[in-house]
Number of protein chains: 2
Amino acid sequence: MRRDSRLSRMLHVLIHMDRHYKRATSDTIAQMLGTNAVVVRRTMAGLRKQGYVHSEQGHGGGWELARALTDISLFDVYQAIGAPPLFAIGPSVEQPECLVEQAVDARLNDALQEAETLLLERFRSVTVADIAQDFDACFAEHTHHA
Amino acid sequence: MRRDSRLSRMLHVLIHMDRHYKRATSDTIAQMLGTNAVVVRRTMAGLRKQGYVHSEQGHGGGWELARALTDISLFDVYQAIGAPPLFAIGPSVEQPECLVEQAVDARLNDALQEAETLLLERFRSVTVADIAQDFDACFAEHTHHA
DNA sequence: AATACACGTAACCCGTCTTGTTACAGAAAG
DNA sequence: CTTTCTGTAACAAGACGGGTTACGTGTATT
Ligand code: FES
Ligand code: FES
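Just so it is clear, the structure is predicted and the values come from calculations on it, not from any experiment.

Chemist: Got a minute to help me understand the environment of R19(A) in this structure?
Modeler: Residue and element names in this part refer to chain A. Assignment of secondary structure puts R19 in helix α1 (residues 6-19). Assessed through its relative accessible area of 33%, R19 is described here as partly exposed. Through-space distance from the C-alpha of R19 to that of D136 is 9.8 Å; in sequence the pair is 117 residues apart. Those residues in contact with R19 that lie beyond four places of it in its chain are A132 and D136. Polar side-chain contacts of R19 include one of 2.4 Å to the side chain of D136.

Here it is as structure tokens:
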């Protein structure tokens, strides 16, 4: 359990639901992700709150897409899972007294802020549908050579 | 203990040694960082291995700079502490079978790689001396208004 | 109504990683 | 020889993502 994989997993699920099965239970999804149904529900709760997916209880229930993949960006999904911290490094304390430490943290935060801005910009500019198309292309390539 | 603060701390120490006391014991450094002497030795061991600082044992020993701050970049320090992981998010597994997951991870890694490149580029282009100068400027400003 | 199915959520444990702490060995100066 | 340092190993603490169990709730089937 090193790095937070929730974003990756949720993207996978969204595309899976769009391309394979419009409706899927937590258990099915958990199996394909190699994890647990509770983890799936826990993570997808965020997506539901934002209205990207819809869930129904009881017999025949499960999860289904509530929006087109073209209307969901990586940033949307990132936000939906709670916008977890992006970086594993950072300053030591929030409000350091020492002026040197303030200068250090300012420079460090500058660089981190730049990288974060770039990363989130990329997230904003890519839709889940874009990734699905990548898959389509890769799949076509795959079958073409077979 | 949220984010790895070793980089920030080591930068602080380097500038402290250059501007205040050329020689300092682990205990002194630990006190100014608000931590423990063993943690200081542990972290600074990397800087010593790279030849940025020098340590001497026994009575009157301690740490001192072995290179000018102008010759040490943030990237150097980052490398010296072991180049810890920069990001807290990432793909779930290394070699996914599912082509969708591969497409997801490819896009994700693309964005992360871009951000990492930018961040390390910034680290490379800033020397510890640059930060020390920031401090000088801030300090002058501070006393000027007093 | 009873049952099976599936989500919702809380509670708990586990693995990993940084950080803090204790303990002890070795080296250098007084 | 004692004091003052570093060098390391070993271990505990705290945080966090992730896995698991348990139980409640809603819904379709019988
Ligand atoms: S398992 Fe369905 S898309 Fe990967
Ligand atoms: S304590 Fe010496 S520079 Fe911050």
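Chemist: Teacher, can you tell me more about the protein's contact with DNA strand D here?
Modeler: Within the structure, DNA strand D sits among 28 residues, and M1(A), T35(A), G58(A), S26(B) and R48(B) are positioned closest to it. Here a phosphate oxygen of DNA strand D sits 2.3 Å away from a polar atom, N or O, in the side chain of R48(B). Secondary-structure elements contributing two or more residues to the surface near DNA strand D are α1 and α3 (37-49) of chain A together with α3 (37-49), β2 (53-56) and β3 (62-65) of chain B. Considering each element in turn, the surface near DNA strand D owes the most residues, four residues, to α3(B).

Chemist: Got a minute to help me understand the protein's contact with DNA strand C in this structure?
Modeler: Near DNA strand C lie 29 residues; those nearest to it are S26(A), R48(A), S5(B), T35(B) and R42(B). Within 4 Å of the protein, the contacting atoms of DNA strand C are 60% sugar and phosphate, with bases supplying the remainder. One of the side-chain N or O atoms of R9(B) is found 3.3 Å from a phosphate oxygen in DNA strand C. At the level of secondary structure, the elements contributing two or more residues to the surface near DNA strand C comprise α3, β2 (53-56) and β3 (62-65) of chain A together with α1 (6-19) and α3 of chain B. Of the residues that constitute the surface near DNA strand C, the class distribution is five nonpolar, 14 polar and 10 charged.

Chemist: Would you take a moment to explain the interface of chain B and chain A for this structure?
Modeler: Interface extent is often summarised as the accessible area lost during association of the parts. Counting residues at the interface gives 44 residues for chain B and 44 residues for chain A. Summed over both partners, the interface of chain B with chain A comes to about 4400 Å²; 71% of that surface belongs to carbon and sulfur atoms. Sorting the residues of chain B by area buried against chain A places R3(B), I89(B) and R107(B) first, and these three jointly supply 16% of that buried surface. In this assembly, chain B and chain A are joined by four salt bridges. Connecting chain B to chain A are 13 residue pairs in polar contact (both at pLDDT 80 or more). Counting only elements with at least two residues in the side of chain B that touches chain A, the list comes to α1, α5 (99-125) and α6 (128-144) of chain B. For the side of chain B that touches chain A, the per-class residue count stands at 28 nonpolar, six polar and 10 charged.

Chemist: Which parts of the structure should I look at to understand the relation of the copies chain B and chain A?
Modeler: One chain copy maps onto the other through a rotation about an axis and a shift parallel to that axis. Of the transformation superimposing chain B on chain A, the axial component is 0.0 Å and the angular component is 180°, with the fit at an RMSD of 0.0 Å. Classification of the inter-copy transformation places it as that of a two-fold axis. When C-alpha positions in chain B are compared against the rotation axis, the closest is assigned to F87(B), at 2.1 Å. Most of the interface of chain B is mirrored in chain A, where 100% of its interface residues again form contacts.

Reading guide: rules and limits
Residues numbered from 1 in each chain as written. Chains lettered and ligands numbered in written order. Predicted model: local features only at pLDDT ≥ 70, side-chain atom pairs only at ≥ 80, totals over all residues. Heavy atoms only, no water. Helix = DSSP H or I, 4+ residues; strand = E, 2+ residues; numbered from the N terminus. Buried < 20%, exposed > 50% of the residue type's maximum accessible area, 1.4 Å probe, protein only. Contact = heavy atoms within 4.5 Å. Polar contact = N/O pair within 3.5 Å; in protein donor to acceptor, adjacent residues only side chain to side chain. Near = heavy atom within 4 Å. Nonpolar A, V, L, I, M, F, W, Y, C, P; charged D, E, K, R; others polar. Buried area = accessible area lost by both parts, 1.4 Å probe. Salt bridge = Lys/Arg side-chain N within 4 Å of Asp/Glu carboxyl O. Least-squares fit on C-alpha atoms with pLDDT ≥ 70 in both.

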